[in-house]
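Architecture and fold: a report
Listed below are the residues making up each chain.
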Amino acid sequence: MKNLSQSQINGIGMTSKRTRDRLIERLRQQGIQNEQVLEVIASTPRHLFVDEALAHRAYEDTALPIGFKQTISQPYIVARMTELLLQSGPPSSVLEIGTGCGYQTAILAQLVPQVYSIERIGALYQQAKQRLAELKLYNVELRHTDGNGGWPNLNYRFDRILMTAACQDVPRKLAEQLNQGGEMILPYDNGKEQLLLRITRKADDYETETFEPVSFVPLLPGIS
Ligand code: SAH
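Notes on the structure follow. Computed from a predicted model, the values in this text were never measured in an experiment.

1. Remarks on the site of the ligand
Within the structure, the ligand sits among 25 residues, and S73, E119, D146, G147 and L220 are positioned closest to it. One of the backbone N or O atoms of G98 is found 2.9 Å from a nitrogen atom in the ligand. Taken by itself the ligand offers 580 Å² of open surface, and the protein chains cover 99% of this. Of the residues assigned to the shell around the ligand, the class counts are 10 nonpolar, 11 polar and 4 charged.

See the structure below:
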């Protein structure tokens, strides 16, 4: 495992503090209000989650390719989903579906005591695992499996679930892994457009709130 130097983490030039501060300003202008979320985004080295050739674009508010036809989410979307996830109070655990490069996972790990994340592409899982260890984020557990089935062999439930790939049907097994009162944030594809949803588990039912249109890669079955 590589030991990252402080200057690699802090970044220089297009990955420097000043560049990151401009991104935070932009997120504020777009309506992100949770100061804790903004602070964590400001201090997390997004340039270390993309290919070196793209590092100079890491603090643009845009999605970028991470290989295997997948993308690292746009910072605004990461901020927005994280803000929605924390809105009703601090959760003690969160399950993320779609680790990808691990950037959203890293943000969550600094805001929630225990983070679980599932990725279906083996190579992305391996890379994310290494990056998160290099950043010393030890409160994260990763699995290479199909997130449609939820966390394997689970003997408890999550306070929150965050899905970072778009589904056409909410996977039942996932919804069942939510605590009472637990919430799931996900991009839902209704055939015409993708919308951000928050689903709350009530006594015997689920309540749905709808937010803005989004654009995510699809939730796929199986592993690769
Ligand atoms: N959270 C990432 C976004 C990654 S893109 C970020 O911070 O940028 C979505 C990811 O979901 C891809 O890596 C894709 O491989 C993964 N994915 C799609 N379907 C999945 C499934 N059924 N189970 C687990 N991961 C899945």
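2. Description of the environment of F68
For F68, the position within the fold is in the loop between β1 (64-67) and β2 (70-72). Its relative accessible area of 45% is what places F68 among the partly exposed residues. Considered as a pair, F68 and A123 are 55 residues apart in the sequence and their alpha carbons are 8.8 Å apart. Ignoring any residue separated from it by four or fewer positions in sequence, one finds F68 in contact with I121, A123, L124 and Q127.

3. Quick look at helix α6 (residues 122-134)
Given 3.6 residues per helical turn, the α-helix brings residues three or four places apart onto the same face. Between its first and last C-alpha, α6 extends 19 Å over 13 residues, near the 18 Å set by a 1.5 Å rise per residue. Along α6, the residues classified as buried are G122, L124, Y125, A128, R131, L132 and E134. Summarising the contacts, the buried residues of α6 are in contact with β1, β2, α5 (103-109), β4 (114-119) and β5 (140-144). Among the residues trailing α6, K136 stands out with phi positive, at a value near 60°.

4. Thoughts on the pairing of strand β9 (residues 205-213)
Of the pairings in the sheet, the one linking strand β8 (residues 194-202) to β9 comprises 7 bridges and is antiparallel in character. Among the inter-strand pairings, L195 is bridged to a residue of β9, identified as P213. What sits between the antiparallel neighbours β8 and β9 is a turn of 2 residues.

5. Considerations on the sheet that holds β5
Spatially, β5-β4-β3-β6-β7-β8-β9 is the arrangement adopted by the 7 strands of the open sheet, whose pairing is mixed. This sheet does not close on itself; its edge strands, each paired only once, are β5 and β9. Taking each pair of neighbouring strands and ignoring which way they run, the sheet shows an average axis angle of 15°. Packing against the sheet, helix α4 (residues 75-86) makes contact with β3 (93-97), β6 (158-163), β7 (178-189), β8 and β9, and its axis sits at approximately 155° to β7. The strands touched by α6 within the sheet are β4 and β5, with β5 carrying the most contacts at an inclination of about 165°.

What counts, and where the lines are drawn
- Residues numbered from 1 in each chain as written.
- Predicted model: local features only at pLDDT ≥ 70, side-chain atom pairs only at ≥ 80, totals over all residues.
- Heavy atoms only, no water.
- Near = heavy atom within 4 Å.
- Polar contact = N/O pair within 3.5 Å; in protein donor to acceptor, adjacent residues only side chain to side chain.
- Areas by Shrake-Rupley, 256 points an atom, 1.4 Å probe, with all protein chains shown as cover.
- Nonpolar A, V, L, I, M, F, W, Y, C, P; charged D, E, K, R; others polar.
- Helix = DSSP H or I, 4+ residues; strand = E, 2+ residues; numbered from the N terminus.
- Buried < 20%, exposed > 50% of the residue type's maximum accessible area, 1.4 Å probe, protein only.
- Contact = heavy atoms within 4.5 Å.
- Expected span 1.5 Å × (residues − 1).
- Pairing = 2+ DSSP bridges.
- Axes fitted to C-alpha atoms, helices over the stretch in contact; angles between N-to-C directions.

Function cannot be read off these values alone, since they describe shape.
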